[in-house]
Amino acid sequence: MDFNVKKLASDAGVFFTRAVQFTEEKLGQAEKTELDPHLENLITRADGTKNWTEKILRQTEVLLQPNPIDHTGARIEEYIYDKLDKKLPSKATNAELLGQYMLEAANDFGPVTPYGSTLITVGEYQKRLGGAEREFLHTSATTFLTPLRNFLEGDWRTISKERRLLENRRLDLDICKARLKKAKQAEAKAASEHELRVAQTEFDRQAEVTRLLLEGISSTHLNHLRCLHDFAEAQATYYAQCHHYMQDLQRELNRCANAVGAPLPPAAVCPNPVSSAFLSGQSSPGATVSTSSGQRPSTLAMEQTQLPVTGARKAKVLYDYDAHDSSELSLLADELITVYTVPGMDPDWLIGERGNEKGKVPVTYLELLS
């Protein structure tokens, strides 16, 4: 094997000279050429982008796959397949496995028995929940995790390489400046001035290349912004699907319980659907119910009053209250009404009853009587 001994020795000499210059700068024994303030700001912004992207990527992976060494070895397997440039085979989620176990147990216990038939119902919905989760994980990995990872493993590596090259060009420039100061003879000064001009040109050229790359961070932010929107949309879709499935499951369980004449215990009743005001960031307790549940407020109010009643008692109205929609009950100050709660209801609200009228009423407008 041929070795270019002269080039090897030259490279070693350059490395040693740069190391000496760097050390003297740290010790305050040599001058250091400062970068352009704009370039310094771009470098600071790029470093922040890289650090926060790493943290967001890492925490998103933890959110989507909390335990990297579960029964499927999911994240480790992902890494291996990614390095082999092969597609990761589809794996069943925990909810899908739970659903499958429930279906198998139902066959063992007897699918026509109350327990067996309920296992079948719950198991089917667990498999649907697992399917929704698998779709969410796939969408999130494609639209959010992959672009962030590509930036760190692609663009950022290029930027880091050019920044290291810029640092070397700066060290070479400062070495030439130091040589020029030490040169005493005319010939030595002329040679040092020539080396300084060459070093300055290379430094300026590399600074421009690095600046252009760092300014591309703005495009990276725009790309990651789009990816963030896609991730939030996928997450919202997933939670809406889960909510829809659980509402359907609750209706199925209620229907099965009514068919056998055995009402469900209060703890088995699902909480009220999330209001659209909550989803949009509003905090008004009287806001209308989200359309994702497919229920109108009047229907919700009727379903709430059909749930098991807990602790009915009298209450005195302290202030007038105008209902915001048909699920609420308007109040007049000093009147007496009957109030009670239902399982899963917001603690800031009660069900109020006045004759044949029923609806939600805010607790803060009432004085509960013993």
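This write-up is about the structure you can find in this document. All values reported here derive from a predicted model rather than from experimental measurement.

Glancing now at the packing of aromatic side chains. For the structure on display, the rule yields nine aromatic pairs. Ring centres 6.3 Å apart and planes at 55° place the aromatic pair Phe151 and Trp156 in the tilted group. For the pair formed by Phe151 and Trp156, the shared burial category is buried. With a centroid separation of 5.0 Å and an interplanar angle of 65°, the aromatic rings of Tyr321 and Tyr365 are classed as edge-to-face. Of the two residues, Tyr321 is situated in the loop between strand E1 (310-317) and strand E2 (336-341) and Tyr365 in the loop between strand E4 (357-362) and strand E5 (366-368); the sequence distance between them amounts to 44 residues.

Once that is clear, we can look at the pattern of salt bridges. Considering all chains together, one arrives at 17 salt bridges under this definition. The salt bridge partner of Glu61 is Arg149, with a shortest N-O separation of 2.7 Å. Here Glu61, found in helix H2 (residues 37-64), pairs with Arg149, found in helix H5 (residues 114-182); they are 88 residues apart in sequence, far enough to count as distant. With relative accessibility at 22%, the residue Arg149 sits in the partly exposed group. Here Glu252 makes a salt bridge to Arg255, at a shortest N to O gap of 2.6 Å. Here Glu252 pairs with Arg255, and both are found in helix H7 (residues 217-260), just three residues apart, close to one helical turn. Taking relative accessible area as the criterion, Glu252 reaches 24% and is therefore assigned partly exposed. Overlapping salt bridges, with partners in common, bring together Arg18, Arg169, Asp172 and Glu202 in one network.

Definitions and cut-offs
- Residues numbered from 1 in each chain as written.
- Predicted model: local features only at pLDDT ≥ 70, side-chain atom pairs only at ≥ 80, totals over all residues.
- Heavy atoms only, no water.
- Phe/Tyr/Trp six-rings, centres within 6.5 Å; stacked < 30°, edge-to-face > 60°.
- Buried < 20%, exposed > 50% of the residue type's maximum accessible area, 1.4 Å probe, protein only.
- Helix = DSSP H or I, 4+ residues; strand = E, 2+ residues; numbered from the N terminus.
- Salt bridge = Lys/Arg side-chain N within 4 Å of Asp/Glu carboxyl O.

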